[in-house]
Amino acid sequence: MGSDQTQRHQLAVVDLTDESMKPGSEAWVSACGVVRRALEEDGCFIALYDKVSPVLCDSVRSALGEVFDLPLETRKQLTSNKPLHYYLGGSWLSLYESVPICNVLSDNGCQKFAHIMWPQGNDRFCEVMKEYVKLMGGLDRVAKRMVFDSYGVDKDRCDSFLESNDYMLRFIKYRKPEKDESELGLHAHSDLTLLSLLHQLDLGGLEVKPKGKDYWIEVDASPSSFVIMAGDSLKMWSNGRVHSCEHRVVMNKAERPRYCMGLFSFNGKTMEVPEELVDDHNPLRYKPFDNYEYLRLWNISNVNDPAEVRLANYCGV
Ligand SMILES: O=C(O)CCC(=O)C(=O)O
Ligand SMILES: [Fe+2]
């Protein structure tokens, strides 16, 4: 281990602000290769994406503040019949807290959330969040199209897959640790998602462990970059080729609370490994997969299991 090794290993950066980045173009084909390698080796890459303007970022920071200024009892009202789509915090998550907007890309996702948080209404909040999640949703779609392209799965299949994707946005906050308290904001884990898009709008603290390595890479915070991570469900879809990104949050430099936004995607329909990803060298590893049933099986006793073990237990061939 050691800082030497860490410094030599840099996460891949893909510039999506580049106007020439259109499907089929040279820039696109080359970026698809970078994305595939990054997801297979590190489970993530950094997307530079300037569509979320500095003004919008400021408004999103204010929206985060507004959500966490509400009484705890109000924030805890966020429940859903979908597994893990509820308020998280307290107990073993001592510094971390997060509040979800479920079905956030549906027409009334933000309004439903705002209505529970502010029964008198909050039109400004809805306007800001709708604009923000539309842009983040666009980024998610570009990333998935790149993944499909890179494995030779065609656009129509990608479009029909995207239609059944379901999105949750989380407002995430970590309080500053007290003196003598652990600085671990969020323990090492991989997400159960297809993709997780993380926007460190404020302070850094996110760290990623590349596949098979024993060191962590710090991910710098920047309003114009997003961390795009593969979760267990994309690993399953890719027949195990994509690495479900191992990550954690460390609050060792924070003199104030840390805020972050996360867009998490799941699939609403049963998923199967595409035939393009199965051959003699890569025999089928997973049976058809129900994303929500998989979420339902998650619990505190398997939180530390590697994605590999969780997937093998749930849908291994
Ligand atoms: O706060 C972050 O940067 C990461 C959050 C995270 O990993 C999660 O909510 O699953
Ligand atoms: Fe995570």
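Computed from a predicted model, the values in this text were never measured in an experiment. (Residues numbered from 1 in each chain as written. Chains lettered and ligands numbered in written order. Predicted model: local features only at pLDDT ≥ 70, side-chain atom pairs only at ≥ 80, totals over all residues. Heavy atoms only, no water.)

Moving on, we come to the UniProt feature "domain: Fe2OG dioxygenase" (unreviewed entry) in the protein chain. The sites that UniProt annotates as "domain: Fe2OG dioxygenase" (unreviewed entry) are residues 164-268. Within the segment residues 164-268, helix and strand shares are 6% and 46% respectively, and the terminal C-alpha atoms sit 5 Å apart. (UniProt positions renumbered as here; feature names shortened; annotations may be inferred. Helix = DSSP H or I, 4+ residues; strand = E, 2+ residues; numbered from the N terminus.)

Another point: the site of ligand 1. The immediate surroundings of ligand 1 are formed by 13 residues, with Tyr174, His189, Asp191, His247 and Arg258 found nearest. Separating an oxygen atom of ligand 1 from a side-chain N or O atom of Tyr174 is a distance of 2.5 Å. Between an oxygen atom of ligand 1 and a side-chain N or O atom of His247, the distance comes to 2.9 Å. For ligand 1, whose free accessible area comes to 300 Å², the fraction covered by protein is 95%. Spatially, ligand 1 is embedded in the largest cavity. Breaking the shell around ligand 1 down by element, the ones donating at least two residues are β5 (165-174), β6 (184-189), β11 (246-250) and β12 (258-267). With three residues, β12 is the single largest residue contributor to the shell around ligand 1. Residue composition of the shell around ligand 1, grouped by class: nine nonpolar, two polar and two charged. (Near = heavy atom within 4 Å. Polar contact = N/O pair within 3.5 Å; in protein donor to acceptor, adjacent residues only side chain to side chain. Areas by Shrake-Rupley, 256 points an atom, 1.4 Å probe, with all protein chains shown as cover. 1 Å grid on protein atoms, 1.4 Å probe; cavity = no way out; pocket = protein on both sides within 12 Å on 5 of 7 lines; lining within 4 Å. Sits in = over half its atoms within 2 Å of the grid points. Nonpolar A, V, L, I, M, F, W, Y, C, P; charged D, E, K, R; others polar.)

Here the focus is the side chain of Thr74. Among the structural elements, Thr74 can be located in helix α4 (residues 72-75). Judged by relative accessible area, which is 13%, Thr74 ranks as buried. With near-sequence residues (within four places) excluded, Thr74 lies in contact with Ile116 and Met117. (Buried < 20%, exposed > 50% of the residue type's maximum accessible area, 1.4 Å probe, protein only. Contact = heavy atoms within 4.5 Å.)

Our focus in this paragraph is empty space enclosed by the protein. Evaluated as defined, the whole model comprises one cavity of 30 Å³ or more. Computed from the structure, the largest cavity encloses a volume of approximately 530 Å³. As for the largest cavity, its lining consists of 29 residues, and the residues nearest its centre are Leu88, Tyr96, His189, Asp191 and Phe264. Only β4 (93-101), β5, β6, β11 and β12 provide two or more residues apiece to the lining of the largest cavity. Considering only residue class, the lining of the largest cavity consists of 19 nonpolar, six polar and four charged. (Points joined across faces, edges and corners; volume = space filled by probe spheres on them.)

Strand-to-strand pairing in sheets goes through backbone hydrogen bonds, with the strands running parallel or antiparallel. Taken in spatial order, the four strands line up as β6-β11-β8-β9 in an open sheet, and their pairing is antiparallel. Of all strands in the sheet, those with a lone pairing partner are β6 and β9 (217-218), marking the two edges. Note that strand β8 (residues 206-209) and β11 share four bridges and pair antiparallel. Within the sheet, the bridge partner assigned to Lys209 lies in β11 and is Glu246. (Pairing = 2+ DSSP bridges.)

Moving on: the packing of helix α2 (residues 26-41) against helix α6 (residues 123-150). For the pair α2 and α6, interaxial distance at closest approach is 9 Å and the crossing angle is 90°. The angle between α2 and α6 places the two elements in the roughly perpendicular class. For the pair α2 and α6, the contacting residues are Trp28, Ala31, Cys32, Val35, Arg36 and Leu39 in the first and Val142, Arg145, Met146, Val147, Asp149 and Ser150 in the second. Split by residue class, the contact of α2 with α6 holds eight nonpolar, one polar and three charged. (Axes fitted to C-alpha atoms, helices over the stretch in contact; angles between N-to-C directions. Parallel < 35°, antiparallel > 145°, perpendicular 65-115°, else oblique.)

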